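Listed below are the residues making up each chain.
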Amino acid sequence: MTDPNQRIAARFQDALVGNYAPQPVALVSGEGCHVVDAAGRRYLDLMAGVSTCALGHCHPKLAAALEAQARKLWHVSNHFFTEPVVRAAELICAHSFAEKVFFGNSGTEANEAALKLARRYHRLRGEDRFEFVAFDRGFHGRTLFALSATGTPAYWEGFEPLVPGFRHVSFGDLDGVKAQLSERTAGILVEPIQGEGGVHLPPPGFLEGLRRLADENGCLLLFDEVQTGLGRTGSLFGYQHFGVTPDILTLAKALGNGLPIGAVATTAEIASALTPGSHGTTLGGNPLATAVAAAVLEELTEGGVLERARATAARLAERLETLPERVPEGRVQAVRGVGFLWGIELSEPARPVIDRCRERGVLVIPAGANVLRLAPPVVLNPEEADAGLDVIEEALGAE
Ligand SMILES: Cc1ncc(COP(=O)(O)O)c(C=O)c1O
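Parameters and conventions
Residues numbered from 1 in each chain as written. Predicted model: local features only at pLDDT ≥ 70, side-chain atom pairs only at ≥ 80, totals over all residues. Heavy atoms only, no water. Core = buried A, V, L, I, M, F, W, Y, C linked by side-chain atoms within 4.5 Å. Buried < 20%, exposed > 50% of the residue type's maximum accessible area, 1.4 Å probe, protein only. Helix = DSSP H or I, 4+ residues; strand = E, 2+ residues; numbered from the N terminus. Contact = heavy atoms within 4.5 Å. Phe/Tyr/Trp six-rings, centres within 6.5 Å; stacked < 30°, edge-to-face > 60°.

Participant: Tell me what's going on with the nonpolar core, and back it up with residues and numbers.
Facilitator: Core analysis: the largest hydrophobic core is formed by 82 residues, its most contacted members being Phe-135, Ile-188, Leu-255 and Ile-392. Ranked by the residues each element gives to this core, the list is headed by helix α11 (residues 287-302), at eight residues. When sequence neighbours within four positions are dropped, the list of residues in contact with Phe-135 reads Gly-151, His-168, Val-169, Ser-170, Phe-171, Val-177, Ile-188, Leu-189, Val-190, Gln-194, Phe-206 and Leu-210. Membership of the second largest hydrophobic core comes to 20 residues, among which are Ala-113, Tyr-121, Phe-145 and Leu-220.

Right, here's the structure in full:
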């Protein structure tokens, strides 16, 4: 076995739990929108570590922030004040509806905290609201509360009983939501765009309708923006793209650009339900992760990234929306997306197409069995977008 990719893959199979099925390359370095495998082969990365490395790989400002913090202080726990966590929280609040932030270490933890917060908010007001409306095909993470919110039963298999109190409704069905709301409802949890479930956009008026129903019912509206946050839609936060403000917003993935971090952002009134000792995490909000998150937020809000991204987003939209015309008829069933999150629904399994893309030097991932997902760094330039789409079209059999 001479290919170093295969050697690392074999060691991986020996040493790691088998819950992942990685593509057969071992990536060793990255810069901007490209990564390099153990054999020195370079790839254009159109999946960004699953919607995570929005600013590309090893961004110099983020690397500098990480290195500077790594030489100063890594971790002291939330038993002490530190400045990077304050900076990261201030930046989220300055650029969103939020007034308070809680930091965890991942998306699922952010959702876990958000769901707990919603229940406790009502409890402290004397209301017995503990149920949630969530959506079929939705994805919120793998810890048990977030898994119970997740609307794809395949992910539940073998882990039941789930946390009680979730009512799943078809994404887009406002009447269905209304029918499930009661005086026991704590909140409605939704991804503004369903990512893992196949990249589904909300039908027009759906998010506005959820806002209205939550207000009428007296429950909270929670947006899971673990995937849509931090520039993926072209706006800093997905809720800004759609013009509907939630009560609680969860973030992760691109917030650390690859360094583990998650966050719950909310109003001061709702946040007041998490009193000292009510919730916590040892590593959440640690100086290393929050120094990087602050640098990410600064770069996204002050670095002109989102302004520059407009040209690439327009190129992606223009080419992807017309993609079905250029590939053999019937092969592409639908193309859905916005900004830097796109799903190409195929009439066949996505895996072989993903393999053909990788063999041609482009990395993409599935979102469900038949959907090819593109979630490139938002720093992708129009020429890189074209190069990537040329390969995808070729892999789909375009002439
Ligand atoms: C919308 C959404 N929520 C939550 C999660 C879970 O995040 P994590 O894998 O960081 O726990 C994901 C992960 O893909 C996601 O897309």
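We are not done yet, so read on.
Participant: Run through the packing of aromatic side chains, naming residues and quoting values.
Facilitator: Taken as a whole and judged by the stated rule, the model has nine aromatic pairs. Both rings, one in Phe-139 and one in Tyr-155, keep their centres 5.2 Å apart while their planes meet at 65 degrees; by these two values the pair is edge-to-face. With Phe-139 in the loop between β5 (131-135) and α6 (144-149) and Tyr-155 in the loop between α6 and β6 (166-169), this pair connects stretches of sequence that are 16 residues apart. Ring centres 5.2 Å apart and planes at 75 degrees place the aromatic pair Phe-171 and Phe-206 in the edge-to-face group. One end of the pair, Phe-171, is in the loop between β6 and α7 (174-180); the other, Phe-206, is in helix α8 (residues 206-217), with 35 residues separating them in the sequence. Residue Phe-171 is classed as buried on the basis of its relative accessible area, which comes to 10%. A residue is classified by how much of its surface remains accessible, and Phe-206, at 1% relative accessible area, is buried. Ring pairing ties together the aromatic residues Phe-97, Phe-237 and Tyr-239, which thus form one cluster.

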